[in-house]
Amino acid sequence: PGGIQVALATVVAVALALAVSSALVGLTGGSPGKVVQALYDGSLANSAAVSSTLLYAAPLLLVAVGTCVCVRAGVFNLGQEGQVLIGALAGAFVGLRLAIPGPALLVVAMVAAVLASGAWAGISALMHRFRGVNIVVSTLLMTFLAQQLVSYAVNTEWLLQETRRGGATVSPQSNRLPENGLLGSFGEYPGLQINGGLIIALLAAVVVAVLLARSRWGFRLTMLGLNPRAARHAGVRVAALGGAALAVSGAFAGLAGAVLLTSPVGTNRLQQGLSNNIGWDGLLVALVARNRPLLAIPVALLFGVLSSGGGFLASTGVPHFLVDVVKSMLVLAFVVPPVLTGALRRRRANRGTAADADAPAPEAKEAVAS
């Protein structure tokens, strides 16, 4: 019964979210029908549009999978946006500075991105362990530091700023990665193209889902997230395991940054706006998927549709930021119903317990009767 209530409440909430979104489109002078058509044309209408959707979905899924790991441990990471940038920064530095032949350059760049972002997230774990700094606050604030580091790197000639050719002006971006440092795709334009980043993301989601459900590591993470005190009494090293979960989350975000850098979704250059809210949207994907890696796959595809099709909204006269409004409405529609139904069930259970406590005991009833 509880599952049916949640499902019905979710359906109603999604319908309300779509109705409110349609009303907002109407208030901005647009046509809801044209907006839906534009989203469809930009994301699902043909092979090229589907390929674009899959390109957006891959880094979203990677960020979401990492978020599932840390939330399972009861650790809340809000710094994915910055960790994506740090991963891209490390990948670009390695990819442009090391002259490694063949696909080994791509592998080394991705490993560097994973290690750098994992270490970046681990800084917050260390601050919490030794100085008591709140992890939510520190990971969020370190996002702004990551943005400044990337800005400094792409604006500094000796670091990662693009090479000046003649008297031409240079842009705040790096040089393009060499061809052997880019991810390949299955399929050719204008047919369906499945980028290597999507394969990596799908494998990561399946592996993490199995580990969380079937491994001792996953069991310890669940125990830590449910009851840290009981986990400590069971021999779990709470600080180490929680810090490792946060680092793993950062590592997945860094891998998403490497995928963004090396896949056809961008210019294959490090730029200040490279992350493009992928970190925030990946966090939302995990929230909608209720921190389940396998459920995050279709949710990431849905967000990929919104991201890919959002570029076609200009033809309808509707501002692009409405895509973000729709995302937010959908997140609320999927997250709020389980919370409300759970609160109502607990309230009924507490009322039942209070009623049982107020009822006279059988011995007292017999005494009154006699």
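From a predicted model like this one, the values you see are computed outputs, not experimental measurements. (Residues numbered from 1 in each chain as written. Predicted model: local features only at pLDDT ≥ 70, side-chain atom pairs only at ≥ 80, totals over all residues. Heavy atoms only, no water.)

**Describing the overall build of the chain**
So, point 1. When its secondary structure is counted, the chain shows 14 helices and 2 strands.
So, point 2. Overall, the chain is about 110 × 55 × 35 Å in size when its C-alpha atoms are taken along their principal axes.
So, point 3. Looking at the chain as a whole, 44% of its 370 residues qualify as buried.
So, point 4. With an accessible surface of roughly 18,600 Å², the chain has 66% of that area assigned to carbon and sulfur atoms.
So, point 5. Charge-centre separation for the chain: the mean point of 24 positive side chains lies 7 Å from the mean point of 12 negative side chains. (Helix = DSSP H or I, 4+ residues; strand = E, 2+ residues; numbered from the N terminus. Buried < 20%, exposed > 50% of the residue type's maximum accessible area, 1.4 Å probe, protein only. Areas by Shrake-Rupley, 256 points an atom, 1.4 Å probe, with all protein chains shown as cover. Lys, Arg positive; Asp, Glu negative; His and termini not counted. Charge placed at Lys NZ, Arg CZ, Asp CG, Glu CD.)

**Digging into the nonpolar core**
So, point 1. Counting 72 residues, the largest nonpolar core has Leu61, Leu62 and Leu270 as its most contacted members.
So, point 2. A total of 12 residues in this core trace back to one element, the largest contributor, which is helix H10 (residues 238-262).
So, point 3. Here Leu62 is in contact with Ile200, Ala201, Ala204, Phe252, Leu255, Ala256 and Val259, once residues within four sequence places are set aside.
So, point 4. With 14 residues, the next largest nonpolar core counts Val14, Val25, Val318 and Ala333 among its residues. (Core = buried A, V, L, I, M, F, W, Y, C linked by side-chain atoms within 4.5 Å. Contact = heavy atoms within 4.5 Å.)

**Some points on the packing of helix H4 (residues 80-97) against helix H11 (residues 278-288)**
So, point 1. For the pair H4 and H11, the least separation of the axes is 7 Å and the interaxial angle reads 130 degrees. Comparing the axis directions of H4 and H11 gives the class oblique. In this structure, H4 meets H11 at a crossing whose hand is right-handed. From H4, Gln80, Glu81 and Val84 reach across to H11, where they touch Ile278, Gly279, Trp280 and Leu283.
So, point 2. When its residues are assigned to classes, the contact of H4 with H11 shows 4 nonpolar, 2 polar and 1 charged. (Axes fitted to C-alpha atoms, helices over the stretch in contact; angles between N-to-C directions. Parallel < 35°, antiparallel > 145°, perpendicular 65-115°, else oblique. Left-handed = near helix turned anticlockwise from the far one by under 90°. Nonpolar A, V, L, I, M, F, W, Y, C, P; charged D, E, K, R; others polar.)

**Notes on a positive patch on the surface**
So, point 1. On the surface, a cluster of positive charge is made up of Arg345, Arg346, Arg347, Arg348 and Arg351.
So, point 2. Residue position: Arg346 is located in helix H13 (residues 321-358).
So, point 3. Since its relative accessible area comes to 54%, Arg346 is described here as exposed. (Patch = residues over 30% accessible without salt bridge, like charges linked within 9 Å, V, L, I, M, F, W, Y side chains within 5 Å. Salt bridge = Lys/Arg side-chain N within 4 Å of Asp/Glu carboxyl O.)

**Some details on the side chain of Ser124**
So, point 1. Tracing the sequence through the fold places Ser124 in helix H5 (residues 104-131).
So, point 2. A residue is classified by how much of its surface remains accessible, and Ser124, at 1% relative accessible area, is buried.
So, point 3. A polar atom in the side chain of Ser124 sits 3.2 Å from the side chain of Ser138.
So, point 4. Ser124 has contacts with Ile135, Ser138, Thr139, Met142 and Leu246, leaving out every residue within four places of it along the chain. (Polar contact = N/O pair within 3.5 Å; in protein donor to acceptor, adjacent residues only side chain to side chain.)

**With respect to the environment of Asn175**
So, point 1. When you line up the elements, Asn175 lands in the loop between helix H6 (135-154) and strand S1 (185-186).
So, point 2. It is 50 Å that separates the C-alpha atoms of Asn175 and Arg229, two residues lying 54 residues apart in sequence.
So, point 3. Among the polar contacts listed, one links the side chain of Asn175 to the backbone nitrogen of Thr163, at a separation of 2.9 Å.

**Observations regarding helix H2 (residues 32-43)**
So, point 1. In a regular helix each residue adds 1.5 Å, so 12 residues correspond to 16 Å; H2 covers 17 Å between its end C-alpha atoms and thus fits that length.
So, point 2. If you check which residues of H2 are buried, you get Val35, Ala38, Leu39, Gly42 and Ser43. All buried residues of H2 project into a common sector of 110 degrees when viewed along the axis, lining one side. H2 presents Lys34 and Val36 as exposed residues on the side facing more than 90 degrees away from its buried surface. (Expected span 1.5 Å × (residues − 1). Arc of directions from axis to C-beta.)

**Focus: the packing of aromatic side chains**
So, point 1. Tallying each qualifying case throughout the model produces 0 aromatic pairs.
So, point 2. The residue whose ring lies beneath Arg129 is Phe130, and the NZ or CZ to ring-centre distance is 5.5 Å. (Phe/Tyr/Trp six-rings, centres within 6.5 Å; stacked < 30°, edge-to-face > 60°. Lys NZ or Arg CZ within 6 Å of the ring centre and 35° of its normal.)

**Some remarks on the packing of helix H3 (residues 47-72) against helix H12 (residues 296-310)**
In a pair of packed helices, the angle between the axes and the distance between the axes together describe the arrangement.
So, point 1. It is at 7 Å that the axes of H3 and H12 come closest, and there the two elements cross at 130 degrees. Taken as axis vectors, H3 and H12 run oblique relative to one another. Both H3 and H12 take part in a crossing whose hand is right-handed. For the pair H3 and H12, contact is made by Ala49, Ser52, Thr53, Leu54, Tyr56, Ala57, Leu60, Leu61 and Ala64 and by Ala296, Ile297, Ala300, Leu301, Phe303, Gly304, Val305, Ser307 and Ser308, respectively.
So, point 2. Here the contact of H3 with H12 is composed, by residue class, of 13 nonpolar, 5 polar and no charged.

Don't take any of this as a statement about function, it's just geometry.
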